Amino acid sequence: MSSSHIPAIASQTWRRTEADDGFFISTDPALLSVAAVNEAFGRDFLYWAKPVPEKAMRQMLYGSRCFGAYYTDPNGVQQQIGLARMVTDNATFAYLTDVYVLPEHQGRGLGRWLIECVAEVFHPTNMPCLRRIMLVTGDQRMQDFYQRIFGMKVVGHEVREDMGKMLTFLCARPNAQS
Ligand SMILES: CC(C)(COP(=O)(O)OP(=O)(O)OC[C@H]1O[C@@H](n2cnc3c(N)ncnc32)[C@H](O)[C@@H]1OP(=O)(O)O)[C@@H](O)C(=O)NCCC(=O)NCCS
């Protein structure tokens, strides 16, 4: 094995056992839709994002550990309806960003489920050398939510006049005992 060899990471897919409602979450890069994510980036509800050239979007998505949320309608048509993106070395550090569920599918527990899947993969039992998970949010409800799920602490703030928001920087140290 050459020193540059990195073992392939197996994809995971989650379905809700209590309700086969057509929603599922997957880390399979082949399922990601560059067009769907760029379309979401162009909508007002993603206050931090703007569409980017397709080449940059491919680099962004395939260079990250992405958790896609998908909906398969009764006719079998599949659509990407959400994303959570970990910018990570898959061993020691991870930065969570671009978390969204399309407005037409919000309020059904999908956002919570998406983050729970991220927390499962980036858990000390799966990633024993993980030192830090970080993220930035401009939303108090989401801050509370991330603090509950990841046990994150506030480590700083940034006033963003261009967004009309104060951003909060959060950090978790999952293996702080080691
Ligand atoms: C945040 C978001 C992903 C939640 O998705 P969702 O499927 O509607 O969320 P759920 O129904 O699973 O709720 C999960 C948690 O999200 C939070 N939440 C839900 N709706 C929210 C909203 N409109 N605004 C802020 N937080 C919200 C709540 O804290 C909730 O936790 P609780 O169930 O313990 O109260 C979704 O509202 C969204 O895409 N918002 C716009 C983009 C965004 O702000 N992303 C987060 C950036 S840090």
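Look a little higher up for the structure.
Reference entry: report on the structure contained in this document.

Attention shifts here to the sheet that holds strand 1 (residues 13–15). Strand order in the open sheet formed by eight strands is 1-2-3-4-5-6-8-7, and the pairing between neighbours is mixed. Whereas interior strands pair on both sides, the edge strands pair on one side only; in this sheet they are strand 1 and strand 7 (153–160). Strand-to-strand, the axes of this sheet are offset by a mean angle of 20°, without reference to chain direction. Here five bridges tie strand 6 (residues 132–137) to strand 8 (residues 165–172), and the two strands are oriented antiparallel to one another.

Close contact between helix 3 (residues 110–121) and helix 4 (residues 140–150) brings their axes to 10 Å; oriented N to C, the two are set at 40°. When you trace helix 3 past helix 4, the crossing you get is right-handed. The residues of helix 4 that touch helix 3, namely those facing Gly111, Arg112, Ile115, Glu116, Val118 and Ala119, are Phe145, Tyr146, Arg148, Ile149 and Phe150. Within the contact of helix 3 with helix 4, the residues separate by chemical class into seven nonpolar, one polar and three charged.

Here the focus is the site of the ligand. Close to the ligand lie 20 residues; Val99, Val101, Gly107, Gly111 and Arg112 are nearest. Residue glycine 111 places a main-chain N or O atom 2.8 Å away from an oxygen atom belonging to the ligand. For the ligand, an oxygen atom lies 2.6 Å from a polar atom in the side chain of arginine 112. Considered on its own, the ligand offers 850 Å² of accessible surface; in the complex 79% of this is hidden by protein. Elements represented by at least two residues in the shell around the ligand include exactly strand 5 (93–101), helix 3 and helix 4. With five residues, the single largest contributor to the shell around the ligand is helix 4.

A separate point is the packing of aromatic side chains. This model, assessed by the stated rule, comprises seven aromatic pairs. Aromatic pair phenylalanine 23 and tyrosine 71: ring centres 4.8 Å apart, planes at 35°, arrangement tilted. Within this pair, whereas phenylalanine 23 is found in strand 2 (residues 23–26), its partner tyrosine 71 is found in strand 3 (residues 65–72), the two being separated by 48 residues in sequence. Among the residues examined, phenylalanine 23 registers a relative accessible area of 6% and is labelled buried. With a centroid separation of 6.0 Å and 80° between ring planes, the pair formed by phenylalanine 45 and tyrosine 100 is classed as edge-to-face. Of this pair, phenylalanine 45 sits in the loop between helix 1 (34–41) and helix 2 (54–62) while tyrosine 100 sits in strand 5; the two residues are 55 residues apart in sequence, bridging distant segments of the chain. Note on phenylalanine 45: relative accessible area 25%, which makes it partly exposed.

Turning next to the pattern of salt bridges. Summed over the entire model, instances satisfying the criterion amount to six salt bridges. Glutamate 54 is the salt-bridge partner of arginine 58, the closest N and O atoms lying 3.0 Å from each other. Of this pair, arginine 58 and glutamate 54 both sit in helix 2, four residues apart, roughly one helical turn. For arginine 58, a relative accessible area of 38% corresponds to the partly exposed category. Close ionic contact of arginine 112 with glutamate 116 constitutes a salt bridge, the shortest N to O distance being 3.4 Å. A residue pair is termed a helical-turn pair when its members lie 3 or 4 positions apart in one helix, as arginine 112 and glutamate 116 do in helix 3 at four residues. For arginine 112, a relative accessible area of 37% gives the class partly exposed.

Turning our eyes to something else, we now look at the layout of surface pockets. Reported here for the largest pocket is a volume of approximately 890 Å³. Forming the walls of the largest pocket are 31 residues, and the residues nearest its centre are Val99, Tyr100, Asp139, Met142 and Tyr146. Counting residues per element, the ones that place at least two in the lining of the largest pocket are strand 5, helix 3, strand 6 and helix 4. Considering each element in turn, the lining of the largest pocket owes the most residues, seven residues, to strand 5. The volume enclosed by the second largest pocket comes to roughly 230 Å³. Around the second largest pocket, the lining comprises 14 residues; the ones closest to its centre are Pro29, Tyr62, Ser64, Arg65 and Cys66.

About the criteria used
Residues numbered from 1 in each chain as written. Predicted model: local features only at pLDDT ≥ 70, side-chain atom pairs only at ≥ 80, totals over all residues. Heavy atoms only, no water. Pairing = 2+ DSSP bridges. Helix = DSSP H or I, 4+ residues; strand = E, 2+ residues; numbered from the N terminus. Axes fitted to C-alpha atoms, helices over the stretch in contact; angles between N-to-C directions. Left-handed = near helix turned anticlockwise from the far one by under 90°. Contact = heavy atoms within 4.5 Å. Nonpolar A, V, L, I, M, F, W, Y, C, P; charged D, E, K, R; others polar. Near = heavy atom within 4 Å. Polar contact = N/O pair within 3.5 Å; in protein donor to acceptor, adjacent residues only side chain to side chain. Areas by Shrake-Rupley, 256 points an atom, 1.4 Å probe, with all protein chains shown as cover. Phe/Tyr/Trp six-rings, centres within 6.5 Å; stacked < 30°, edge-to-face > 60°. Buried < 20%, exposed > 50% of the residue type's maximum accessible area, 1.4 Å probe, protein only. Salt bridge = Lys/Arg side-chain N within 4 Å of Asp/Glu carboxyl O. 1 Å grid on protein atoms, 1.4 Å probe; cavity = no way out; pocket = protein on both sides within 12 Å on 5 of 7 lines; lining within 4 Å. Points joined across faces, edges and corners; volume = space filled by probe spheres on them.

Read these as spatial facts, not as claims about activity.
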